[in-house]
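Read off the chains here:
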Amino acid sequence: MKLVALAFLGAATVVFLVTTIWGANGAPGWVGYVKAAAEAGMVGALADWFAVTALFRRPLGLPIPHTAIIPSRKDALGNSLGEFVGTNFLSEQVVRERLRRVGIAARLGAWLARTENAERVTSELATVVRGAVTVLRDEDVQAVMEQAVVSRVVKVPWGPPLGKLLERVFEDGAHHKLVDLMCDRAYDWVKGNYDQVMTVVSDRAPSWSPKFFDSLVADKVYGEVLSFAWAVKTDVNHPMRLALDTFLREFAGDLQRDPTVMARAETVKQQVLEHPEVQNLIGSAWATAKKMLLDAAEDPSSELRTRVRVALVALGERLVGDETLRTKADSWVEGAAAYVVLNYRAEITTLITDTVQRWDAEETARKVELQVGRDLQFIRINGTVVGALAGLIIYTVAQLIG
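For the structure given in this document, a descriptive report is provided here. (Residues numbered from 1 in each chain as written. Predicted model: local features only at pLDDT ≥ 70, side-chain atom pairs only at ≥ 80, totals over all residues. Heavy atoms only, no water.)

1. Looking at the overall build of the protein chain
Then step 1. For the protein chain, the count of helices and strands is 18 helices and zero strands.
Then step 2. Each principal axis of the C-alpha distribution contributes one length, and for the protein chain these read about 170 × 45 × 40 Å.
Then step 3. Here the protein chain, with 402 residues, has 27% of them falling under the buried criterion.
Then step 4. Considering only contacts in the protein chain between residues 6 or more positions apart, those separated by 24 or more positions represent 72%.
Then step 5. For the protein chain, the separation between the mean place of its 45 positive charges and that of its 48 negative charges on side chains is 8 Å. (Helix = DSSP H or I, 4+ residues; strand = E, 2+ residues; numbered from the N terminus. Buried < 20%, exposed > 50% of the residue type's maximum accessible area, 1.4 Å probe, protein only. Contact = heavy atoms within 4.5 Å. Lys, Arg positive; Asp, Glu negative; His and termini not counted. Charge placed at Lys NZ, Arg CZ, Asp CG, Glu CD.)

This is how it looks when you write it as structure tokens:
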């Protein structure tokens, strides 16, 4: 384009020289009009060449004031550009209006409602999870988990919440199955351990008691114990069962209101937390959770990824069909964008100004010239043409007046 613009200047110069020589040798009157147009075209071309060149460098290398504007005023132009963007593009009103016209929620909903897009999002989320889990140091996470779990458990008394839970369980009778199991096991144990019962009774008999008498007493005791175990097993309203229910309900109440029982519960809590197996369990919790997350993230058919994919599709369908939810989502997006604009506009515009400041002055001028120089060369071309027309009109008017 520089060559094209230069060609226009060269053409005007050639016409001017030819008409000047021709005029000196008795050319017709119309040649003067052509000469005036060519002369004015040359002036217009040179003036616009100077103007365009002055934007990027000093014309002919001369230190003319107010030339090489872009290299010398690079930082000021960057600041002005940042301020212009911040004022006209990063204002709260502009951002809200633009987002409202776009309809982010509706577009996002329609996009997520398609299974392939939900799968794509799920895959990206899985990649993020894998990266985050891999980057985290196991020791740090375990330390945080131990601190969070232990401190939270230590702060909360076990007695009252455990008492409330047991109270509800006992009121609903959910513990009866456990009592049935214990009664069954007790009866089976007594039935299958005749020799042990006989031995215990015989060992506690007086030394002067005859052996046959000890055997009779032991057999009688065993029979009574077996009958008692059978009665407890088969009779749901047996006094032993009722007494056990009463004891359990009272124990649940004591856990909530009796300071002594509550203190003992706290002692048990400390013993449980300090037990090596419990410490190992807390320490290995992150390793187990990490493996589960990585396995679930790696497997496209895992329950986790399937649920996430289904949830995303359902969310997309709701955003499309539920206007209330769509309105709320749009308002959330607008609010978040407005918050970013209001609180971080300076940081965003600083990105522009700092980037421009880091550019080399000559390199900046070259980059800008490559981007807009083609259009600027049309200014030189137009200057030649307009200058020629203006010169022709001026010469014509002068001839008419003269």
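2. A closer look at the packing of helix α16 (residues 303-321) against helix α17 (residues 323-358)
Then step 1. Here α16 crosses α17 at 100°, and the two axes come no closer than 6 Å. What the angle tells us is that α16 and α17 run roughly perpendicular. Residues R318, L319, V320 and G321 of α16 lie in contact with α17, whose contacting residues are E323, L325, R326 and A329.
Then step 2. Taken together, the residues of the contact of α16 with α17 break down into four nonpolar, one polar and three charged. (Axes fitted to C-alpha atoms, helices over the stretch in contact; angles between N-to-C directions. Parallel < 35°, antiparallel > 145°, perpendicular 65-115°, else oblique. Nonpolar A, V, L, I, M, F, W, Y, C, P; charged D, E, K, R; others polar.)

3. Some details on α17
Then step 1. The largest bend in α17 comes to about 75°, at Y344.
Then step 2. Residues L325, A329, D330, E334, A338, V341, T349, T353 and V356 constitute the buried set of α17.
Then step 3. Taken together, the buried residues of α17 touch α4 (74-88), α5 (92-102), α6 (104-112) and α16. (Bend = angle between axes of the 7 residues up to and from the residue.)

4. So, the packing of helix α1 (residues 2-24) against helix α18 (residues 361-401)
Then step 1. The contact between α1 and α18 brings their axes to 8 Å, and the two run at 15°. Taken together, α1 and α18 sit at an angle that is classed as roughly parallel. Crossing geometry of α1 relative to α18 is assigned as left-handed. Contacts between α1 and α18 involve K2, V4, A5, L6, F8 and A12 from the former and E369, Q377, R380, I381, T384 and V385 from the latter. (Left-handed = near helix turned anticlockwise from the far one by under 90°.)

5. Things to note about the side chain of Q256
Then step 1. Along the chain, the position of Q256 falls in helix α13 (residues 239-257).
Then step 2. For Q256, a relative accessible area of 17% puts it in the buried group.
Then step 3. What Q256 contacts, discounting residues up to four positions off in sequence, is G159, P160, G163, K164, E167 and M262.

6. Quick notes on the environment of V43
Then step 1. Tracing the chain through its elements places V43 in helix α2 (residues 30-56).
Then step 2. By relative accessible area, V43 is classed as exposed at 54%.
Then step 3. Sequence separation of V43 and G391 is 348 residues, and the distance between their C-alpha atoms is 9.4 Å.

7. A word on the packing of aromatic side chains
Then step 1. Applying the stated rule across the entire model yields four aromatic pairs.
Then step 2. Seen from their ring centres, Y187 and W230 are 5.2 Å apart, and the 55° between their planes marks the pair as tilted. Here the residue Y187 occupies a position in helix α10 (residues 176-192), and W230 occupies one in helix α12 (residues 211-234), the gap between them amounting to 43 residues.
Then step 3. For Y187, a relative accessible area of 11% puts it in the buried group.
Then step 4. Judged by its relative accessible area of 42%, W230 falls in the partly exposed class. (Phe/Tyr/Trp six-rings, centres within 6.5 Å; stacked < 30°, edge-to-face > 60°.)

8. Things to note about α10
Each α-helix winds once per 3.6 residues, and so residues spaced three or four apart point in a common direction.
Then step 1. Taking 1.5 Å per residue as the helical rise, α10 with its 17 residues ought to reach 24 Å, and the 24 Å between its terminal C-alpha atoms agrees with that figure.
Then step 2. For α10, every residue scored as buried is listed here: V179, C183, Y187 and V190. All buried residues of α10 fall inside an arc of 70° around its axis, so they share one side. The exposed set on the far side of α10, more than 90 degrees from its buried face, consists of K177, L178, R185 and G192. (Expected span 1.5 Å × (residues − 1). Arc of directions from axis to C-beta.)

9. As for the pattern of salt bridges
Then step 1. In the structure shown here, the tally under the stated rule is 10 salt bridges.
Then step 2. For the salt bridge of E119 with R309, the shortest nitrogen-to-oxygen distance reads 2.5 Å. Of the two residues, E119 is situated in helix α7 (residues 115-135) and R309 in helix α16; the sequence distance between them amounts to 190 residues.
Then step 3. Relative accessible area serves as the criterion here: at 16%, R309 is assigned to the buried category. (Salt bridge = Lys/Arg side-chain N within 4 Å of Asp/Glu carboxyl O.)

10. Digging into the nonpolar core
Then step 1. Residues L9, A12, F16, A38, M42 and A45 constitute the largest nonpolar core, which totals six residues.
Then step 2. Looking at this core, the elements with two or more residues in it are α1 and α2.
Then step 3. Beyond its immediate stretch of four places on either side in the chain, M42 contacts L9, A12, T13 and F16. (Core = buried A, V, L, I, M, F, W, Y, C linked by side-chain atoms within 4.5 Å.)

11. So, a nonpolar patch on the surface
Then step 1. On the surface, V14, V15, V18, W22, W30, Y33, V34 and L392 cluster together into a nonpolar patch covering about 670 Å² of accessible area.
Then step 2. Counting residues per element, the ones that place at least two in the nonpolar patch are α1 and α2.
Then step 3. With four residues, the top contributor of residues to the nonpolar patch is α1.
Then step 4. Counting through the fold element by element, Y33 comes out in helix α2.
Then step 5. You can call Y33 partly exposed: its relative accessible area is 31%. (Patch = residues over 30% accessible without salt bridge, like charges linked within 9 Å, V, L, I, M, F, W, Y side chains within 5 Å. Areas by Shrake-Rupley, 256 points an atom, 1.4 Å probe, with all protein chains shown as cover.)

This is a description of form; function is not addressed.
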